[in-house]
Amino acid sequence: MTKTIKNVICTFCGTLCDDLEVDVSDDGKKIVQVRNACAIGAEKYLHVGNPGRVVLPRMRQEDGTYKDISYEEAIDFAAKTLLKAKKPLLYGWSSTNCEAIAAGNTLAEKIGGVVDNCATVCHGSSLLAIQDTGVPSCTLGEVKNRADRIIFWGCNPAHAHPRHMSRYSIFPRGFFSAKGQKGRKIICVDCRETDTAKIADTFVRIKQSYDYEVFDALRTLLRGEEIPDEVGGVPREKLQEVVDICKSGRFVTLFFGMGLTHTLGRNHNIDNGINFIRDLNDYTKATLIAMRGHYNVTGAGQVLGWQYGFPFACDLSRLTMARHNPGETTSVDLLVRHEVDACVVIASDLAAHFPFEATRRMAHIPTITIDPHISMSTELSDLHIPVAIVGVEVGGCCYRMDNVPIETRKCIDAPDGVITDEELFKRISARVDELLAEADVKNASEYLAKMEA
Amino acid sequence: MSEIIIKNGHVFDAVTGLKGDVADVCIKDGVIVDKVSNAATVIDAAGKTVMAGAVDVHTHVAGPKVNLGRWYRPEDKFRLGERCSAKLNPNTRIEGGFSIPTVFKTGYEYARMGFAFTMEAAMPPLYARHVHDEIRDTPILDQAALPVFGNNWFMFEYLKNGEYDNAAAYVAWILRQTKGYGIKCVNPGGSEAWGWGLNCLTVNDPVPYFDITPKEIVDGLITTNEHLKLPHSVHLHSNNLGNPGNYTTTLDSLKIAEGHTANNNFGRDTVLHHTHVQFHSYGGTTWADFESKAKEVMDYVNKQKNISIDTGNVTLDETTTMTADGPFEYHLGALNHLKWANVDVELETSAGVVPYIYGKNVKVCEMQWAIGLEIALYAKDMMRTMITTDHPNAGPFTRYPRVYAWLMDKEYRDAQLNGFKWSSKVIDATTLAELDREISLYELSQMTRAAPAKVLGLSKSFGGLAPGMKGNVAVYNINPDNMLKGLELEDALSKVSVFIKDGVKCVENGVVLEAEPVVKKTYWVNSSVPDTKQVIHDVSEKFLKYYSVNLANYEVVDHYAPNQEIVEV
Amino acid sequence: METVTITLKAVPDLYLECESVTPDKFAGKTAAEIAALPCSVGKCNYTLGDWFEISGRPGATAADTKIIVNGKGTDKCKYFGAWMTAGEVVVNGTADMFTGAWMEGGKLTIKGDVRSFSGLQMKGGEMIIEGRAWNYLAAAYRGDWRGMQGGLIRVKGDVGSDLGTFMNGGTIIVEGNADIHIGTHAEGGTIIIKGKAHRRVGGQMVKGEIYVYQGCDVMMPGFKKIEEREIEVDGEKHVFNVFIGDLGERHSKSKGEVIYGHLYTLKE
């Protein structure tokens, strides 16, 4: 016999679908089936029972192999590593809950680290643009109920956010949009014809790295000025068509992703896109939403924001102030410039995603990776600490791509002995307090001064 | 268990009626008592001013638009070229931000000024978890939050159809779901119109599609509020905020309270609280002939005894505006061309954020400053008039002491007024120069303690020093017999000599002693009014079809508010 | 003018934050007091004396004080000359980030390269960079719409991207080439690139003057050529193609005339 848990929140991508149904075995230990999830989400739930689950911390040995150790030993190693470092980096945070993130921040402030999350290699560009120019936005339900013009620019929800189009952006019939897809015009702007482009009514093929120029052209047309015959590979007539489609709508929403955040100019591309939407508000209602990738990268930014005032790249290493300077306090820069001397990777896989030079540096400094599974990062770390999987084995608050917070649910227990991220950070913090007290010092700076003397 | 006696201070307290009398204040186990034993800790308050912990009736310190403000203004953590992020006291967390403080700074700075309670002015129900996340992380301060109802699709339908029992059931349901405190109404109808880029600028402009007017919305909300006997009255930010000539809309909005009577068991006798009235007291037709109508508005407020107001004083700083009046923020952004952020919330409300500089050499800003002070100085009933800056809209809450000093010292405010670039124009267009009144310490204690506690329905616990009330006491280095003035007065009000919260000393000489010296409480209202069949049906249907989250995931569960004070109604 | 010479004793293991190295902080102090000024590496608090050999003496005021910085490893030191209001600083080598940031006056000379975020929001004074500058030279701090207000920056080599974002006033002269996003969101000031710029010059510009002698690989579509004109720039006369823009941006009027930003390239 199984029991069904309803209204489960999928903890994979930023769409944060909250209508999953998970069947668990009667003893509450195994997930049997998942309904309503996309293929990626379903796999997230179904894979947890696979054999080979890591249940104890693994410490790297001299010969490169890993040996199981206790959580106590791991926590002690982590506390000492962080206290011995002059400027440690604590990176990731995007695939765990807000409670863990808050506990991590408390620890980071205590040991003087830099806290950074996955936005740093993802929508950090969008956040920089928002800092420079603002953001006219709305919740996903507004799109569902009102939008009749949808633009996907440099993103491919068909692959990356599979249920986005059916839950929010193309197909749903909302309060003012009872015709569903038939009442909407979909524009897709991309440098290649993606699967999302195939669903769109209008596909604009843009030369890669010309997004900024094309937004400039659209804004120039909107102001009634002339532009060259072709911009970024797009003929003037096509650009005028895009402007006309937008102006004739009653509610325009622009969704955007890595095509803008990662091509030439990065944040500037989004900045100009934001201003295009802002300019459109002179004619009709227009909003935009960033297609955030991880299920809680937004939450990582929210907690960091209300505690220190910044969405990512927050340098607490001076112990007495919080500083934010993307390009300096961002993880890739810190690693490539050899500015950090220890690294904690939590709820992310740095080694799989970062530029090689950054990963090379991470491999050479003391590193601890906190992850339920073995990953590229764990295999380059001195210590791998396994934890429970949020949304499956522990609940907690997560923030959707439109900043709506949703409480995730626990479906089954974590494997015996495996603790949560939140508990882990609280215990490392407590161990740091003990070590500071033993050394009879007031803070981490005095601790290092005493060690150096 | 633990006893404290604050001896020989000059006590100013509207609840016990002390107007500077030298008296002792006794606390035992976190509560004010008549007397304590000889074992009590003695705090010498001789030559000092003693008041109950203050209560802020309207401030934006927790929630999605506040945090969006923090995210998008890293430069707010720099002020005048210097870093504004620091570990100010040895045992506390790092504090940051000037106009939008981080949650730690919020808790500590309010405590340094002697505040015990703040009301988060606007909570979008869909984002309630976020508001509670921040409230939970804000140290020391007891807090509550007001969910917004003035642009809510359910309320539109119920009020349009006169279905007051459904309206009441829905409001009760929302208060339970969001752990909310009362009924907030921002730009009624206009923020829904903003969903289409439109607005409602008078009380009679119908909302597109829903075809209900702001007047009907506010009237219906007041009826619902009194039907539910809630501790607080309807809390209103009326239409047409910030526009020259808007005082007529304000008067039309205030008049809606006529004919309503307060109905509750919390000692509240007002039915409508109009917030940040300064922004709503403008005459003229354009920015060129802009003038003050503070007197006209306050003449009405003074005689209409069932309404209360707070001022919304401009502090002449670079600050950040943020409000659920989405269309207003769009137009402000179009006016000053600074970065504009906006978030429309499905079925519920909208919000906008725009930085703003209240320049000392800008005529309009100088006049707004004067109007805010006029509002307070014209008030006749200090139990219905409260001082705020609509933090951070008209200025950061850390400037309250400066506002108090302007109100209490004519010379100080005249120096500011006469130092303006456009002082003669300001003097012509307002009446501030003619007002000699100086608010007294007793009146200050009314406006910042007893009055907000009363209109919030918290007068049994907050805002006074009668036995049985909470042991929240602020001691200031102000000797009424040798009254401070100007900057010295402002400084003394900024940094308490001692602040005690729930019987625990949290601040001494302006220094916050511990990161979390007391357990802060989240207040919310649980109404016994049950769901109606119609509400159950409508809620299920709308969540299924129109919301982007499931009904089962809407409620704010307990761990977001680990220490709750539930006000049962 | 009195001179203090500081020489790095060792290359910093990570990066040394040297906010104390300005004429303002040195002025009127004894050698022991200067050695006691703070600097830091991550969470470790040091004094200047821990990291530098210090000789010479400062003037009584910042204006009378010159600082010479020597040694291997200056390229791992941040904040030289930051917030300085007067006097002189010379770095004999490459300097790291925030060199001369928020500078208000005086003269700062770097005899090597400067890394990113140098000259941020400069208000006055003169900064000479004999090597190249990296990114965000004389830009605004993140989120601030008030960029460089005044002063003069001269770079002998190339610059990277994001030069002079949100510029309001002052002058930047680059002898070499520039990368992308030059003068983005500019609202005033003058940028002169004597080499060429890759792309996106004057994007979202509202007002101001940008000269790119050798032109850009790709022009922004929002710029329109209006004329050719002879102009004297940095002491030399040339004939330039004159463009107005960015036409995608809102432009205000003054005395009935619309105010545009201007972009100039050399007429071949």
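Sequence positions are assigned chain by chain, starting from 1 and proceeding in written order. Here chains are named by letter from A upward and ligands by number from 1 upward, in the order in which they appear as written. Owing to the predicted nature of the model, reporting of local features is limited to residues with pLDDT of at least 70; listing and counting of side-chain atom pairs is limited to 80 or more, with chain, interface and lining totals taken over all residues.

Colleague: Sorry if this is basic, but what is going on with the overall build of chain C here?
Modeller: What chain C contains, in helices and strands, is three helices and 22 strands. For chain C, buried positions account for 56% of its 268 residues. For chain C, the share of sequence-separated contacts (at least 6 apart) that also reach a separation of at least 24 residues comes to 38%. Only DSSP runs of H or I with at least four residues qualify as helices, and only runs of E with at least two residues qualify as strands; both kinds are numbered from the N terminus onward. Residues are called buried when their C-beta atom has 20 or more other C-beta atoms within 10 Å, exposed when it has 12 or fewer, and partly exposed otherwise; all C-beta atoms are positioned from the backbone. We call two residues in contact whenever the C-beta atoms placed from their backbones are within 7 Å.

Colleague: Sorry if this is basic, but what is going on with the overall build of chain A here?
Modeller: Broken down by element type, chain A carries 18 helices and 22 strands. Two things to know: the radius of gyration comes from C-alpha atoms, and the globule rule equals 2.2 Å times the number of residues to the power 0.38. For a compact globule of 453 residues, the expected C-alpha radius of gyration is about 22 Å, and chain A comes in at 23 Å, within 12% of that figure. Dimensions of chain A, computed from the C-alpha atoms along their principal axes, are close to 70 × 60 × 35 Å. Taken across its 453 residues, chain A has 64% of its residues classed as buried.

Colleague: Any chance you could explain the interface of chain A and chain B here in plain terms?
Modeller: Many structure descriptions define interface size as the accessible area lost when the parts assemble. Contacts between the two partners involve 53 residues from chain A and, on the opposite side, 46 residues from chain B. Those elements giving two or more residues to the side of chain A that touches chain B turn out to be β1 (2-8), α3 (98-111), α4 (124-133), β8 (134-138), α5 (140-146), β15 (285-290), α13 (297-308) and β22 (405-408) of chain A. Split into classes, the residues belonging to the side of chain A that touches chain B amount to 21 nonpolar, 20 polar and 12 charged. Residue type decides the class: Asp, Glu, Lys and Arg count as charged, Ala, Val, Leu, Ile, Met, Phe, Trp, Tyr, Cys and Pro as nonpolar, and the leftover types, Gly among them, as polar.

Colleague: What am I meant to see in the interface of chain A and chain C here?
Modeller: If you look at the interface, chain A gives 36 residues, while chain C gives 28 residues. Those elements giving two or more residues to the side of chain A that touches chain C turn out to be α4, α9 (211-222), α12 (267-280) and α18 (444-452) of chain A. If you tally residues by element for the side of chain A that touches chain C, the top one is α9 of chain A, at six residues. Of the residues that constitute the side of chain A that touches chain C, the class distribution is 12 nonpolar, 12 polar and 12 charged.

Colleague: Please clarify how the sheet that holds strand β11 (residues 202-205) of chain A should be interpreted in this entry.
Modeller: Residues and elements named next belong to chain A. Pairing between strands is defined by DSSP: at least two bridges between the two strands are required. One open sheet accounts for five strands, arranged β11-β10-β9-β14-β15; its pairing is parallel. The strands lining the two open edges of the sheet, one partner per strand, are β11 and β15. Across this sheet, the average inter-strand angle for adjacent strands is 15 degrees, counted without regard to direction. Taken together, the six bridges between strand β14 (residues 251-256) and β15 define a ladder with parallel strand orientation. Each axis is a line fitted through C-alpha atoms, taken for helices only over the stretch in contact, and angles between the N-to-C directions span 0 to 180 degrees.

Colleague: What am I meant to see in unusual backbone geometry here?
Modeller: Only a minority of non-glycine residues have a phi that is not negative, and only a minority of peptide bonds are not trans. Look at the link from His391 of chain B to Pro392 of chain B: it is a cis peptide, with omega at -5 degrees. Checked against the element boundaries, Pro392 of chain B lands in the loop between β22 (385-386) and α12 (400-408). At Arg266 of chain A, a position not held by glycine, the phi torsion is positive, near 45 degrees. Residue Leu316 of chain B is not a glycine yet carries a positive backbone phi of 65 degrees. Secondary-structure assignment places Leu316 of chain B in the loop between β18 (307-310) and β19 (318-323). Residue Leu316 of chain B is classed as buried on the basis of its C-beta count, with 21 C-beta atoms lying within 10 Å.

Colleague: Just to check I follow, could you spell out the nonpolar core for this structure?
Modeller: Grouped burial of nonpolar side chains is what soluble globular proteins tend to show. Core analysis: the biggest nonpolar cluster contains 419 residues, and Phe256 and Cys314 of chain A, Tyr170, Val171 and Val475 of chain B together with Ala138 of chain C have the highest contact counts within it. Setting aside chain neighbours within four positions, we find Cys314 of chain A in contact with Val114, Val115, Leu304, Tyr308, Ala322, His324 and Thr329 of chain A. Nonpolar core, as used here: buried Ala, Val, Leu, Ile, Met, Phe, Trp, Tyr and Cys residues forming one set through C-beta atoms within 7 Å.

Colleague: Sorry if this is basic, but what is going on with helix α15 (residues 441-455) of chain B here?
Modeller: Note on helix geometry: an α-helix contains 3.6 residues per turn, so any two residues three or four positions apart are oriented the same way. Residues and elements named next belong to chain B. Spanning 15 residues, α15 covers 20 Å between terminal C-alpha atoms, matching the ideal 21 Å at 1.5 Å per step. Here the bend at a residue means the angle between the axes of two seven-residue stretches, the one that ends at it and the one that starts at it. At Met447, α15 shows its maximal bend, which comes to roughly 35 degrees. The buried count for α15 comes to 13 of 15 residues, which makes it a mostly enclosed element. Following α15 by one or two positions, Gly457 has its phi on the positive side, about 75 degrees. A helix is expected to reach a length of 1.5 Å times the quantity of its residues less one.

Colleague: I would appreciate a short explanation of the domain arrangement of chain A in the present structure.
Modeller: Note that the domain bounds reflect an automated or database-derived domain assignment. Split into domains, chain A comes out as domain 1 (2-48), domain 2 (56-122 + 295-387 + 420-452) and domain 3 (124-290). Once you take the C-alpha centre of each, domain 1 of chain A and domain 2 of chain A turn out to be 30 Å apart.

Colleague: Help me understand the packing of α9 of chain A against α12 of chain A, please; the structure alone is not making it clear to me.
Modeller: Between two packed helices, both the angle of their axes relative to each other and the distance between the axes serve to describe the pair. All names here are of chain A. Between α9 and α12, whose axes approach to 8 Å, the crossing angle comes to 20 degrees. In terms of axis orientation, α9 runs roughly parallel to α12. The crossing of α9 and α12 is left-handed. Taken together, the residues of α12 that come into contact with α9 (itself represented by Asp211, Tyr212, Phe215, Asp216, Leu218, Arg219 and Leu222) are His268, Asn269, Asn272, Gly273, Asn275, Phe276 and Asp279. Residues of the contact of α9 with α12, tallied by class, amount to five nonpolar, five polar and four charged. Each angle gets one of four labels, with under 35 degrees taken as roughly parallel, over 145 as roughly antiparallel, 65 to 115 as roughly perpendicular, and the rest as oblique. Each crossing is labelled by how the near helix is turned from the far one, with a counterclockwise turn of less than a right angle marking it left-handed and a clockwise turn marking it right-handed.

Colleague: I tried to follow the sheet that holds strand β13 (residues 184-186) of chain B on my own but got confused; where do I start?
Modeller: The strands making up a sheet associate through hydrogen bonds between their backbones, and the pairing can be parallel or antiparallel. All names here are of chain B. In spatial order, the strands read β13-β14-β15-β18-β22; together these five strands make up an open sheet with parallel pairing. The open sheet is flanked by β13 and β22, the only strands paired with a single partner. Of the strand pairs in this sheet, strand β15 (residues 272-274) and β18 are connected by three bridges, and their pairing is parallel. From the neighbouring strand, His273 faces β18, where its bridge partner is Ser308.

Colleague: In this structure, what is going on with helix α10 (residues 326-336) of chain B? I would like to understand it.
Modeller: Residues and elements named next belong to chain B. Among all positions of α10, only Gly326, Pro327, Phe328, Glu329, Tyr330, Leu332 and Gly333 are buried. Along its buried surface, α10 packs onto α6 (190-193), β19, β20 (340-345) and β21 (349-357). Of the residues flanking the end of α10, it is His337, one or two places downstream, whose phi is positive at about 55 degrees.

Colleague: Please clarify how the environment of His132 of chain B should be interpreted in this entry.
Modeller: Residues and elements named next belong to chain B. In this fold, His132 is placed in helix α3 (residues 128-137). Sequence-wise, His132 and Val455 are 323 residues apart; in three dimensions their C-alpha atoms are separated by 22 Å. Ignoring sequence-local partners within four residues, the contact set of His132 consists of Lys179, Thr522, Val556, Tyr560 and Ala561.

Colleague: What is the right way to look at the packing of α13 of chain A against helix α1 (residues 64-72) of chain B in this model?
Modeller: Interaxial distance between α13 of chain A and α1 of chain B falls to 9 Å at its minimum, and their mutual angle equals 85 degrees. When the axis of α13 of chain A is compared with that of α1 of chain B, the two are roughly perpendicular. For the pair α13 of chain A and α1 of chain B, the contacting residues are Gly301, Gln302, Gly305 and Trp306 of chain A in the first and Asn67, Arg70 and Trp71 of chain B in the second. Along the lines of polarity and charge, the residues of the contact of α13 of chain A with α1 of chain B split into two nonpolar, four polar and one charged.

Colleague: Just to check I follow, could you spell out the pairing of strand β4 (residues 44-47) of chain C for this structure?
Modeller: On a regular strand, each side chain points to the face opposite its neighbour's, so the side chains alternate between the two faces of the sheet. Residues and elements named next belong to chain C. Here four bridges tie strand β3 (residues 38-41) to β4, and the two strands are oriented antiparallel to one another. Its bridge partner lying in β4, Ser40 is registered against Asn45. Hairpin remark: β3 followed by β4, antiparallel, with two residues in the connecting loop; positive phi at Gly42, about 55 degrees.

Colleague: Help me understand the pairing of strand β28 (residues 564-568) of chain B, please; the structure alone is not making it clear to me.
Modeller: Residues and elements named next belong to chain B. In terms of strand pairing, strand β27 (residues 522-526) meets β28 through five bridges, oriented parallel. Bridge pairing in β28 places Asn526 opposite Glu568. Think of it like this: strands point away, you trace from the first strand over the helix to the second, and a clockwise trace means the crossover is right-handed. Handedness of the crossover joining β27 and β28 through helix α17 (residues 533-545): right-handed.

Colleague: Quick question: what am I supposed to make of the confidence of the model for chain C here?
Modeller: Detailed reading of the predicted coordinates is not advisable wherever pLDDT is low. Values of pLDDT, ranging from 0 to 100, describe the predictor's confidence in every residue of the model. Per-residue pLDDT for chain C has a mean of 97; in total, 100% of the residues score no lower than 70. Note on the complex model: pTM 0.97, ipTM 0.97.

Colleague: Help me understand the environment of Val569 of chain B, please; the structure alone is not making it clear to me.
Modeller: Residue and element names in this part refer to chain B. Here Val569 shows up in the segment after β28. Look at Val569 and you get partly exposed, because 18 C-beta atoms sit within 10 Å. For the pair Val569 and Lys305, spaced 264 residues apart in sequence, the C-alpha separation works out to 24 Å. Setting aside residues up to four positions removed in sequence, Val569 forms contacts with Leu228, Lys229, Leu230, Val525, Asn526, Ser527 and Ser528.

Colleague: How should I be thinking about the environment of Phe240 of chain C in this particular structure?
Modeller: Residues and elements named next belong to chain C. By the secondary structure assignment, Phe240 is in strand β19 (residues 236-245). Distance from Phe240 to Ala27, taken between C-alpha atoms, is 46 Å for residues 213 residues apart in sequence. Every residue in contact with Phe240, bar those within four places of it in the chain, is listed here: Glu228, Arg229, Ile231, Tyr264, Thr265, Leu266 and Lys267.

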